[in-house]
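# Results of the structural survey
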Amino acid sequence: MNKNDSYDLVIKSPGRINLIGEHVDYNGGHVLPAAIDKKITLKLKKNNSTHITVYSKNIDSEFTIDLSNLNRSSIEWHNYIIGVIYYINVLKPNTVKGFDCYIDSNLPLGSGVSSSAALECGIAKGLNELFNIGLTDLEIINLSKDAEHTMVGTKCGIMDQFTVVKGKKDHLLLLNCKTNDYETIKVNFGDYKLVLLNTNVSHNLATSEYNVRRGECETAMKTISAKYNDLQYLCDVKPDVVKEFKNLLSEKIYNRALFVSKENQRTLKAVEAIQRNDLQTLGALLYKSHEGLSKLYEVSCTELDFLVEYSKKFDQILGARMMGGGFGGCTINLIHKDFVENLIEEISIAYRNEFSIDLTPIAIHIGDGVKI
Ligand code: GLA
C-alpha cells in the first residue's frame, strides 16, 4: 500500500493532553483535557471485497483479515481496528464492508497522549463516513471505549475517546464524566506554555495496575455507599465524607478513595483559577495532583517523580505532574515561555545522567478533534 494511492477519504485524529483530573473519569468525576495538534492520519478506500487491509507506515507493517473473522489478534495495534469494527457491527450489523487503510502518525506511541483513542476514534469516524453508517459522536466515543475494554483489555474511562472526538482548538474541555456534559474553556496562559516531557519509558504495569485501581475504587465505593446509598460514584463523595471511613477501609483503599475525591475537586478549582487568570494557583494544583498520584494512588514511577521534583527548582515553572494512566509516558509542565529552552537543555542532561535515557520534549498546541 502506498500513500500516493488514491483514497476515498482522509481522517486526521489527534492525541490528547489532560491538564488535571487524572483517574477520575471512571469514577464519575471532572476532567480537563484537550486535543492536540499531533495526529494520526488515516486514508481509507473501499476495496469491494469482504476483507480489510491495514498498513501502518510508522511500524512498516500490514495485516489483512476477513470481515467474517473479527477475532482478537496477538498483535496489539490490530486489536484497535478489529475492536472498533466488532462494536460497529454490534450497533449497526453488516454496515462495514471491505476497505484498505493507510496509517501514518506523528503522535508518539505509548506516551500517555492517547494514540490508542486516536486510532480507535479515527477509524470509527472514517468508517462511519465511508459506509454512511449514521453513528452519532457519542456512539463513536462509546464503541471506541468498548473496543479498548474488550480487545485491548484496559478498562478505561471515557476521557480519551471523548476528547479525540469533541476537542476544540485553543480550548480545554471541562467534561463531567458522570453525565457526559461538557463546556469548553478558552485557554490563554499569557507568557506561560504547556510543555510535555516524555520519559520514554512505558512500564508494563500500565494495563494491569490500571484495572486494579479501578477495582480498588469499586471496593471503596461498596463500603461508602452501604452508608450513603444516594452516592453512586467515588467522585460524588466529598473528601470529608471519605475521611469518615478511615477506619473502615484498608489504608490502601482509603488512600485511593481520598485521592480520587480530592482530584475531582482540584479539577474544578483549576477551572476557577484559569478563569480568574491565577496561574500560580493552577500550578500549585498540578503539583498537588502529582503528589496524590504518586503517594496515594501509586501510579507514578521513578522517572516521572524525578522530572516533577526537578522542575520544582525553578520559579519559571509554575506546576508539573504526570499525565494519563501513569507508569511512564509524559509529565505536563506549565513553564514561562522564555525558560522553555533552558529547562529542556538542563533537565535532559539531568535525566540522562540519572537514567541513561533521552528525554523527548513535546510542545503543545491545542487543536480540534477528529476531522474528515
Ligand atoms: C488513561 C485512560 C483514561 C483515564 C486516564 C487517567 O488515559 O484511557 O480513561 O482514566 O488514563 O486519567
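This text gives an overview of the structure that appears in the document. (Residues numbered from 1 in each chain as written. Predicted model: local features only at pLDDT ≥ 70, side-chain atom pairs only at ≥ 80, totals over all residues. Heavy atoms only, no water.)

### Description of the overall build of the protein
To keep things clear, this is the line we draw: Strands here are runs of E lasting at least two residues and helices are runs of H or I lasting at least four, both read from the DSSP assignment and numbered beginning at the N terminus. What the globule rule says is 2.2 Å times the number of residues to the power 0.38, and the radius of gyration is computed from C-alpha atoms. Between buried and exposed lies partly exposed: a residue is buried under 20% and exposed over 50% of the maximum accessible area for its type, with that area taken using a 1.4 Å probe on protein chains only.
The helix and strand inventory of the protein stands at 10 helices and 12 strands. The C-alpha radius of gyration of the protein comes to 21 Å, within 12% of the 21 Å expected for a compact globule of 372 residues. When the backbone C-alpha atoms are referred to their principal axes, the protein occupies close to 60 × 55 × 40 Å. A total of 372 residues make up the protein; the buried ones form 58% of that total.

### Quick notes on the site of the ligand
Under the convention used in this document: A molecule or strand has a residue near it when one of that residue's heavy atoms lies within 4 Å. For the purposes of these results, a polar contact is taken to be a pair of N or O atoms within 3.5 Å, where, inside protein, one atom must be able to donate a hydrogen and its partner to accept one; residues adjacent in sequence count only when each atom of the pair is a side-chain atom. We get accessible surface area from the Shrake-Rupley algorithm with a probe of 1.4 Å; when it comes to residues, only the shown protein chains can shield them. Here the term charged refers only to Asp, Glu, Lys and Arg, the term nonpolar to Ala, Val, Leu, Ile, Met, Phe, Trp, Tyr, Cys and Pro, and the term polar to all other amino acids, Gly among them.
Inspection of the region around the ligand gives Arg16, Glu22, His23, Asp25, Tyr26, Cys156, Gly157, Met159, Asp160, Tyr210, Gly324 and Gly325 as its neighbouring residues. At 2.9 Å, a side-chain N or O of Arg16 approaches an oxygen atom of the ligand. One nitrogen or oxygen atom from the side chain of Tyr210 is found 2.5 Å from an oxygen atom belonging to the ligand. Taking 310 Å² as the accessible area of the ligand by itself, protein coverage stands at 93%. Its residues assigned to classes, the shell around the ligand comprises four nonpolar, four polar and four charged.

### Some words on the pairing of strand β10 (residues 317–322)
Cut-off, in case you're wondering: A pair of strands counts as paired when DSSP detects no fewer than two bridges linking them.
With respect to burial, β10 is a largely interior element, six of its six residues being buried. Here five bridges tie β10 to strand β11 (residues 328–336), and the two strands are oriented antiparallel to one another. Bridging across to β11, Ala320 finds its partner in Asn333. Counting the residues that bridge the hairpin from β10 to β11 gives five residues, and of these Gly324 lies at a positive phi of roughly 90 degrees.

### Description of the packing of helix α3 (residues 137–152) against helix α4 (residues 159–166)
Threshold: Between N-to-C directions, angles span 0 to 180 degrees; the directions come from axes that are lines fitted to C-alpha atoms, helices contributing only their stretch in contact. Take the far helix as your reference; a near helix turned counterclockwise from it by less than a right angle gives a left-handed crossing, and one turned clockwise gives a right-handed crossing. Pairs of residues are marked as contacts when any of their non-hydrogen atoms sit within 4.5 Å.
At a minimum axis separation of 9 Å, α3 and α4 run at an interaxial angle of 140 degrees. For α3 against α4, the interelement crossing comes out right-handed. On α4, the residues that touch Asp137, Leu138, Ile140, Ile141, Ser144, Lys145 and Glu148 of α3 are Gln161, Phe162, Val165 and Lys166. For the contact of α3 with α4, the per-class residue count stands at five nonpolar, two polar and four charged.

### Some points on the packing of aromatic side chains
In plain terms, the rule: Two rings from Phe, Tyr or Trp (for Trp, the six-membered ring) form a pair when their centres are within 6.5 Å of each other. A pair whose planes differ by under 30 degrees is stacked, one over 60 is edge-to-face, and the rest are tilted. Think of it as a cone above the ring: NZ of Lys or CZ of Arg counts as a charge over the ring if it is within 6 Å of the ring centre and within 35 degrees of the ring normal.
Inspection of every chain in the model, using the stated rule, returns 14 aromatic pairs. Centroid distance Tyr7 to Tyr102: 6.4 Å. Interplanar angle 50 degrees. Geometry classified as tilted. One end of the pair, Tyr7, is in the segment before β1 (9–18); the other, Tyr102, is in strand β6 (residues 99–105), with 95 residues separating them in the sequence. Given a relative accessible area of 15%, Tyr7 falls into the buried group. Its relative accessible area of 4% is what places Tyr102 among the buried residues. An aromatic cluster is defined as three or more aromatic residues linked by ring pairs; in this entry it consists of Phe306, Tyr310, Phe314, Phe339, Tyr351 and Phe355. The cationic tip of Lys45 hangs over the ring face of Tyr7; the distance from NZ or CZ to the ring centre is 5.0 Å. Between Arg213 and the ring centre of Tyr297, over which it is positioned, the NZ or CZ distance is 6.0 Å.

### Overview of helix α2 (residues 115–130)
Owing to its 3.6 residues per turn, the α-helix aligns residues three or four sequence positions apart on the same side. Keep this limit in mind: What a helix should span is 1.5 Å times the count of its residues minus one.
Taking 1.5 Å per residue as the helical rise, α2 with its 16 residues ought to reach 22 Å, and the 22 Å between its terminal C-alpha atoms agrees with that figure. Most of α2 sits inside the fold, with 15 of its 16 residues counted as buried. Following α2 by one or two positions, Asn132 has its phi on the positive side, about 50 degrees.

### As for the nonpolar core
The condition that has to hold: Side-chain atoms within 4.5 Å link the members of a nonpolar core, which is a set of buried Ala, Val, Leu, Ile, Met, Phe, Trp, Tyr and Cys residues.
Judged by nonpolar contacts, the single largest core of 130 residues is most densely connected at Ile17, Leu19, Leu32 and Phe99. In terms of residue count, helix α7 (residues 251–275) provides more of this core than any other element does, 10 residues in total. Among residues more than four places away in sequence, those in contact with Phe99 are Leu44, Lys45, Lys46, Asn47, His51, Ile52, Thr53, Ile85, Ile123, Leu127, Leu130 and Phe131.

### Focus: the packing of α2 against α3
Note the threshold: An angle below 35 degrees is read as roughly parallel, one above 145 as roughly antiparallel, one from 65 to 115 as roughly perpendicular, and any other as oblique.
It is at 9 Å that the axes of α2 and α3 come closest, and there the two elements cross at 130 degrees. With respect to their mutual orientation, α2 and α3 come out oblique. Our pair here, α2 against α3, has a crossing hand that is right-handed. Only Asp137, Ile140, Leu143, Ser144 and Glu148 of α3 make contact with α2, whose side of the interface consists of Ser116, Glu120, Cys121, Ala124, Lys125 and Asn128. Within the contact of α2 with α3, the residues separate by chemical class into four nonpolar, three polar and four charged.

### Observations concerning the sheet that holds β1
Overall, mixed pairing links the five strands, which are arranged β1-β3-β6-β4-β5 in an open sheet. The sheet is open, and its two edges are formed by β1 and β5 (61–66), each paired on a single side. Within the sheet, the average angular offset between the axes of one strand and its neighbour, ignoring direction, is 20 degrees. For strand β3 (residues 33–46) and β6, the ladder comprises seven bridges, and the chain directions are antiparallel. Paired with Ile40 across the bridge in β6 is Ser105. Here α2 sits on the sheet in contact with β1, β3 and β6, set at roughly 45 degrees to β3.

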